[in-house]
Amino acid sequence: MKVRRHVKLILLCSLLSFLALAFSLPGLTASFFTDLELNLEKEVGRNSYESIVAEMKVVTLPEAEMERLNNIFDRLVRVCSRRKELEFSLTVVEEDSVNAFALPAGYIFVHTGLLAYVESDGELAGVLAHEIAHVDRKHGMNALKRQVGMGLLLQIFLKDAGEQLVKIGNLAVNLTQLGYGREAEYEADRYGVYFMEKAGYPRTEILNFWHRLVGEYGGGENPAILQLFSTHPPTSERIKRIQALPPTPTQ
Ligand SMILES: [Zn+2]
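These figures come from a predicted structure and were not determined experimentally. (Residues numbered from 1 in each chain as written. Predicted model: local features only at pLDDT ≥ 70, side-chain atom pairs only at ≥ 80, totals over all residues.)

**Overview of the overall build of the protein**
- Tallying secondary structure elements over the protein gives 12 helices and 3 strands in all.
- The buried share of the protein, reckoned over its 251 residues, is 33%.
- Considering only intrachain contacts with a sequence separation of at least 6, the fraction spanning at least 24 residues in the protein is 68%. (Helix = DSSP H or I, 4+ residues; strand = E, 2+ residues; numbered from the N terminus. Buried ≥ 20, exposed ≤ 12 C-beta atoms within 10 Å, placed from the backbone. Contact = placed C-beta atoms within 7 Å.)

Dropping the structure here:
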């Protein structure tokens, strides 16, 4: 046991001296840490994805319907900035509430309740674009870093501690369900509108969606019905901000 502890200590020291060296070489540091963080995000994403599909009922839609959905999704992913470093995926789960959510590394989920509620491809695109924006702006990973600390996250990742990584995955799921905070939501709205418009869907579509929801559910007094409301800032404020965004440049 003593020998093992010794070996671990030596490994830790080498890691620390490597990190110290990496810090003194800016070029190396940047790419080293970017790669490390990206791999960590993928590992966390995969673990949290597995915990969701183990708990919720994944739905296989008829082929034509799935193709329509994937087509909308792909158009949006193609215009986001992390399209090359991540493999985005879309999963439909059986759940009546009007909701969608995103896990780190690009795992996007939609509830069947949302699919039934939207009245057009553009409305669905607006909600999906918001979720893609959460991944694009790393809101899930940032929330996790705040909660656990980057040092501890990396330690678990580098030790390849399977069981702890599963726990981190579960934590990432919980953070998703709690929402990422007001500013992150406004940012996801901003980027979401940009992505949807770049992909060819006008923002009026997502505005129609929000207006209809507010009209029908009163803007969030009943969070049990609508998780989208319970975890997000006041809808009236979101609508106002979306309307005030500058037009998306076309090229
Ligand atoms: Zn959100």
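**A look at the nonpolar core**
- Counting residues in hydrophobic clusters, the biggest one holds 54 residues, and the most contacted among them are Leu76, Ile108, Ala125, Leu128, Ile132, Phe195 and Met196.
- Broken down by element, this core gets its largest block of residues, 8 residues, from helix H5 (residues 121-136). (Core = buried A, V, L, I, M, F, W, Y, C linked by C-beta atoms within 7 Å.)

**As for the packing of helix H10 (residues 204-217) against helix H12 (residues 235-244)**
- Contact geometry of H10 with H12 gives a least axis separation of 10 Å together with a crossing angle of 160°. When the interaxial angle is binned, H10 and H12 end up roughly antiparallel. You can see that H10 and H12 cross each other, and the crossing is left-handed. Within the contact between the two elements, H10 uses Ile206, Leu207, Trp210, His211, Leu213 and Val214 and H12 uses Thr235, Ser236, Arg238, Ile239, Ile242 and Gln243.
- A per-class count over the contact of H10 with H12 returns 7 nonpolar, 4 polar and 1 charged. (Axes fitted to C-alpha atoms, helices over the stretch in contact; angles between N-to-C directions. Parallel < 35°, antiparallel > 145°, perpendicular 65-115°, else oblique. Left-handed = near helix turned anticlockwise from the far one by under 90°. Nonpolar A, V, L, I, M, F, W, Y, C, P; charged D, E, K, R; others polar.)

**Regarding the environment of tyrosine 49**
- Examined against the element boundaries, tyrosine 49 turns out to sit in helix H2 (residues 26-55).
- Residue classification places tyrosine 49 among the buried positions, given that 21 C-beta atoms sit within 10 Å.
- With 59 residues separating them along the chain, tyrosine 49 and isoleucine 108 place their C-alpha atoms 9.1 Å apart.
- With sequence-adjacent residues up to four places away left out, tyrosine 49 is seen in contact with Leu103 and Tyr107.

**Re unusual backbone geometry**
- The phi dihedral of alanine 105 is positive, around 75°, even though this residue is not glycine.
- Along the chain, alanine 105 turns up in the loop between strand E2 (100-103) and strand E3 (107-111).
- According to the C-beta neighbour criterion, alanine 105 is buried, with 28 such atoms within 10 Å.

**Structural notes on the sheet that holds E2**
- The strand order across the open sheet formed by 3 strands is E1-E3-E2, and the pairing between neighbours is mixed. For this open sheet the edge positions go to strand E1 (89-93) and E2, each flanked by a neighbour on one side alone. Here the strands of the sheet are splayed against their neighbours by 20° on average, with no regard to which way each runs.
- Two elements, E2 and E3, share 4 bridges in a ladder whose sense is antiparallel. Of the residues in E3, the one forming a bridge with alanine 100 is valine 110. (Pairing = 2+ DSSP bridges.)

**Overview of the confidence of the model for the protein**
- Averaged over every residue, the pLDDT of the protein is 85; the share at 70 or more is 82%.
- Of all helices and strands in the protein, the one with the weakest mean pLDDT is helix H11 (residues 227-230) (58), whereas E1 scores best (98). (pLDDT = per-residue confidence, 0-100.)

**Concerning the pairing of E2**
- The two faces of E2 match: Ala100 and Ala102 on one face and Phe101 and Leu103 on the other face are all buried.
- Where E2 folds back on E3, the antiparallel hairpin that results is connected by 3 residues, among which alanine 105 adopts a positive phi of roughly 75°.

**Examining the pairing of E3**
- With 5 of its 5 residues buried, E3 lies for the most part within the structure.
- Side chains of E3 alternate between two faces, with Tyr107, Phe109 and His111 and Ile108 and Val110 buried alike.
- Of the pairings in the sheet, the one linking E1 to E3 comprises 5 bridges and is parallel in character. Looking at the pairing, threonine 91 lines up with phenylalanine 109 of E3.

**Let's talk about helix H8 (residues 162-178)**
- When the terminal C-alpha atoms of H8 are compared, their 25 Å separation across 17 residues agrees well with the 24 Å that a helix rising 1.5 Å per residue should span.
- Of all the residues in H8, the buried ones are Leu165, Ile168, Gly169, Ala172, Leu175 and Thr176. An end-on view of H8 places all buried positions within 120° of arc, on one side of the element. Seen from the buried face of H8, the exposed residues on the opposite side, beyond 90 degrees, are Glu163, Gln177 and Leu178. (Expected span 1.5 Å × (residues − 1). Arc of directions from axis to C-beta.)

**Re the packing of helix H6 (residues 139-148) against helix H7 (residues 150-158)**
- Running from N to C, H6 and H7 cross one another at 100°; their axes reach a closest spacing of 7 Å. It follows from the interaxial angle that H6 and H7 lie roughly perpendicular. Counted together, Leu144, Lys145 and Val148 of H6 and Met150, Leu152 and Leu153 of H7 form the full contact between these two elements.

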